[in-house]
Amino acid sequence: MDHEALRDWSKRAADWAHDYHAGLRDRPVRPRTTPGALRAVLPAAAPEAPEPMERIFADFEALIPAAMTHWQHPRFFAYFPANAAPASMLAEQLANAIAAQCMLWQTSPAATELEQAMVGWLRGALGLPAGWSGTLHDSATTATLSAVLTMREAASGWRGNAEGLAALPRLRLYASDQTHSSVDKAARIAGFGQANLVKVATDAGLSIDPAALEAAIAADRAAGYLPAGVVLCTGGTSVGACDRLGPAIAVAKAAGLPVHVDAAWAGSAMICPEFRPLWNGVEGADSVVMNPHKWLGPQFDCAVQFLADPAPQIRTLGLKPAYLATAGAETVTDFNDWTVPLGRRFRALKLWFVLRAHGLDGLRHRIREHVAWAGELAAEIGRHPALEIVTPPLLSLFTFAHRDGDAATEALLAAINDDGRIYLTPTRHVGRSVIRVQVGQFDCTRADVMCVAEVLRDLA
Ligand SMILES: *Cc1c(COP(=O)(O)O)cnc(C)c1O
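Report follows, based on the coordinates. Counting starts from 1 at the beginning of each chain's written sequence and moves along it residue by residue. Only residues with pLDDT of 70 or above have their local features reported here, since the model is predicted, and side-chain atom pairs are shown and tallied only from 80 upward, although totals for entire chains, interfaces and linings are computed over all residues. To obtain the side-chain values, all non-hydrogen atoms of the structure were included, while hydrogens and water were left out.

1. Brief notes about the pattern of salt bridges
Now for step 1: A carboxyl oxygen of Asp or Glu within 4 Å of a side-chain nitrogen of Lys or Arg is what we treat as a salt bridge. Going through the model one piece at a time under the given rule, you end up with 29 salt bridges.
Now for step 2: Note that Lys320 and Asp337 form a salt bridge whose closest N and O atoms lie 3.1 Å from each other. With Lys320 in the loop between helix 12 (311-317) and helix 13 (348-382) and Asp337 in the loop between helix 12 and helix 13, this pair connects stretches of sequence that are 17 residues apart.
Now for step 3: Buried means the residue's accessible area, taken with a 1.4 Å probe over protein chains only, is under 20% of the maximum for its type, while exposed means over 50%, and partly exposed covers the values in between. According to the relative accessible area criterion, Lys320 is partly exposed, its value standing at 37%.
Now for step 4: Given the relative accessible area of 12%, Asp337 is considered buried. Helix and strand assignments follow DSSP, with helices taken as H or I runs no shorter than four residues and strands as E runs no shorter than two, numbered in order from the N terminus.

Written out as structure tokens, the structure reads:
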């Protein structure tokens, strides 16, 4: 295939994309497929001879969409959303055409400077302090890993990278029992070890208990451990738990520890000033991650890490071998020094397109609607005699369960997802099976959201 053919096929792909999106409501959200079904119809090895694009495209249409879970389906209420605004898709097409590797300023001047500008636009939109900078990562997991690696290096006097972990005292990391598994993964990969991630108890409001955090740090110091940092959350994945950042950060600062805040999902909502009390005190943090790729419109992958001071992270992750040296590097930002991988995609372009095409007001309006509709839906479900709301809406996320117990709740969820009109996912809350509902897909309407109540009336 050459670039002339690409021009024609791109137009066909654009038509296909339009029809796919227009027809999503007619598809089940989750595919009716079984494990191994697609593998079974694929040849075991790559073809030796070139195949015509006509046949490749036909196979795509015949095999792939029917075996995909449709994240852009307006009745996708599972996990958290992974929105892809049309303006984002357009930007990704252009970034794909340029196909740059954005590791250094010199390899991608516009990508680097657009990234700096977009981090600044978002920082302002979320009401974070004016002096902060930041960078884009693929995922919140990588951002949290970067923050935790930086905590390790700062706590160890920058000896971990140089001498290896065997030279260090046993490091400790603190988080609540509501934090995302990416914190566990960071503790493992960064060499703390799972046993040294201290899961501090939460209070009745599902916030880390500041007094318990203080006691845990003091006890560890007395026992000869090396406390390195605290990870807090705004909008936990299970039921939306929010740590009271102000008091928890005060404890961390009094102990001399840096703080990273995981607001991967809820961070997008902070473009609306009325939701910012959920992260009161965030300005005291050292690092904050939020995923525009969840609720703001730029498609996966796009995670933003804001940094009060990037210097410790650059000291931890920066590495310049001779073959990456560029003249004048002191005067520019080479973002690979801020992140784990060397190679970087051009992610800032979709942020630029989405923020301009919707405007902050357009994005706020959508998020406010999602929150309002989630509230209406939770009230409606609460009136169903067989169901009860277990955790009330935190922004647009709530959970419910069947009054007859776990087995009934799990059977109901299986029936809901086999039905196909909507897609919901499970979690556990205080020892109980519950069903999560989050409202956040960009094309969903109030009618799509209220369809959840309709499905429950049919099945519960
Ligand atoms: C989604 C989520 C993550 C992980 O995000 P990735 O970008 O997929 O790594 C981490 N923390 C929270 C609170 C999340 O909601």
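There is more to say, and it comes next.
2. Quick word on the site of the ligand
Now for step 1: The criterion for a residue being near a molecule or strand is simple. One of its heavy atoms has to lie within 4 Å of it. With respect to spatial proximity, 14 residues lie near the ligand, and among them Ala140, Thr141, Asp262, Asn291 and Lys294 are the closest.
Now for step 2: Contact between the ligand and Thr237: an oxygen atom at 3.1 Å from a side-chain N or O atom of the residue.
Now for step 3: Polar contacts, as used here, are pairs of N or O atoms within 3.5 Å; protein pairs need one atom able to donate a hydrogen and one able to accept it. Residues neighboring in sequence count only if both atoms are side-chain atoms. Residue Lys294 places a side-chain N or O atom 2.8 Å away from an oxygen atom belonging to the ligand.
Now for step 4: The accessible surface values rely on the Shrake-Rupley method and a 1.4 Å probe; as for residues, cover is taken only from the protein chains in view. Expressed as a share of its isolated accessible area of 380 Å², the protein-covered part of the ligand is 87%.
Now for step 5: Counting only elements with at least two residues in the shell around the ligand, the list comes to helix 6 (140-155) and helix 11 (292-295).
Now for step 6: Under the grouping applied here, Gly and all other residues not named as nonpolar or charged are polar, the nonpolar ones being Ala, Val, Leu, Ile, Met, Phe, Trp, Tyr, Cys and Pro and the charged ones Asp, Glu, Lys and Arg. Considered class by class, the residues forming the shell around the ligand number four nonpolar, eight polar and two charged.

3. Re the pairing of strand 10 (residues 425-429)
Now for step 1: Of the two faces of strand 10, the one lined by Thr425, Thr427 and His429 is fully buried and the one lined by Pro426 and Arg428 carries no buried residue.
Now for step 2: Two strands qualify as a pair provided DSSP detects at least 2 bridges between them. Here strand 10 runs beside strand 11 (residues 432-438); their pairing, made up of five bridges, is antiparallel. In the strand pairing of strand 11, His429 is matched with Arg432.
Now for step 3: Following strand 10, the chain reverses through two residues before pairing antiparallel with strand 11; Val430 in that reversal takes a positive phi of roughly 35 degrees.

4. A word on helix 15 (residues 446-459)
Every α-helix carries 3.6 residues per turn, so stepping three or four residues along brings you back to the same face.
Now for step 1: The end-to-end C-alpha separation of helix 15 is 20 Å, in line with the 20 Å expected for 14 residues at 1.5 Å each.
Now for step 2: Buried within helix 15 we find Asp448, Val449, Met450, Cys451, Val452, Ala453, Val455 and Leu456.
Now for step 3: Along its buried surface, helix 15 packs onto helix 13, strand 8 (387-394), strand 9 (397-402) and helix 14 (406-419). One less than the residue count of a helix, multiplied by 1.5 Å, gives the span that helix is expected to have. Note on definitions: a residue-residue contact is assigned when non-hydrogen atoms from the two residues lie within 4.5 Å.

5. So, the sheet that holds strand 3 (residues 197-200)
Now for step 1: What the seven strands build is an open sheet, ordered 1-7-6-5-4-2-3; its pairing is mixed. Each edge of the sheet is formed by a strand with only one pairing partner; in this case those strands are strand 1 (133-137) and strand 3. On average, each strand axis in the sheet is inclined to that of its neighbour by 20 degrees, with strand direction left out of account.
Now for step 2: Bridge count for strand 2 (residues 171-176) against strand 4 (residues 226-233) is four bridges, and the pairing is parallel. In the sheet register, Arg172 faces strand 4, and the bridge partner there is Pro227. For helices, the fitted axis covers only the stretch in contact; all axes are lines through C-alpha atoms, and the angles between them, taken along N-to-C directions, range from 0 to 180 degrees.

6. Details of the pairing of strand 2
Now for step 1: Burial analysis of strand 2 places six of its six residues in the buried class, the great majority of the element.
Now for step 2: Of the two faces of strand 2, the one carrying Leu171, Leu173 and Ala175 and the one carrying Arg172, Tyr174 and Ser176 are both buried.
Now for step 3: Of the strand pairs in this sheet, strand 2 and strand 3 are connected by four bridges, and their pairing is parallel. From the neighbouring strand, Ala175 faces strand 3, where its bridge partner is Lys199.

7. Here's the deal with the sheet that holds strand 11
Now for step 1: Strands sit in the order 8-9-11-10 across an open sheet of four strands; the sheet is antiparallel. Two strands close off the open sheet at either side, each with one partner strand: strand 8 and strand 10. Across the sheet, the axes of successive neighbouring strands diverge by a mean angle of 35 degrees, strand direction being ignored.
Now for step 2: In this fold helix 13 packs onto strand 8, strand 9 and strand 11, with an angle of close to 160 degrees to the strand it touches most, strand 8.

8. Structural notes on the nonpolar core
In summary, soluble globular proteins display a tendency toward joint burial of nonpolar side chains.
Now for step 1: Within this scheme, the nonpolar core is defined by two criteria: the residues are buried Ala, Val, Leu, Ile, Met, Phe, Trp, Tyr or Cys, and they are joined through side-chain atoms within 4.5 Å. Core analysis: the biggest nonpolar cluster contains 66 residues, and Tyr174, Leu213, Leu232, Trp279, Phe306, Ile367 and Leu395 have the highest contact counts within it.
Now for step 2: Broken down by element, this core gets its largest block of residues, eight residues, from helix 13.
Now for step 3: Summarising the domain contributions, this core has at least three residues from each of domain 2 (101-345) and domain 3 (359-459).
Now for step 4: With sequence-adjacent residues up to four places away left out, Leu395 is seen in contact with Trp265, Ala266, Ala269, Phe275, Leu278, Trp295, Val371 and Ala374.
Now for step 5: In terms of nonpolar packing, the next biggest core, distinct from the first, is built from 25 residues, Ala374, Leu424, Val439 and Cys444 among them. Delimitation of the domains relies on an automatic or database domain assignment.

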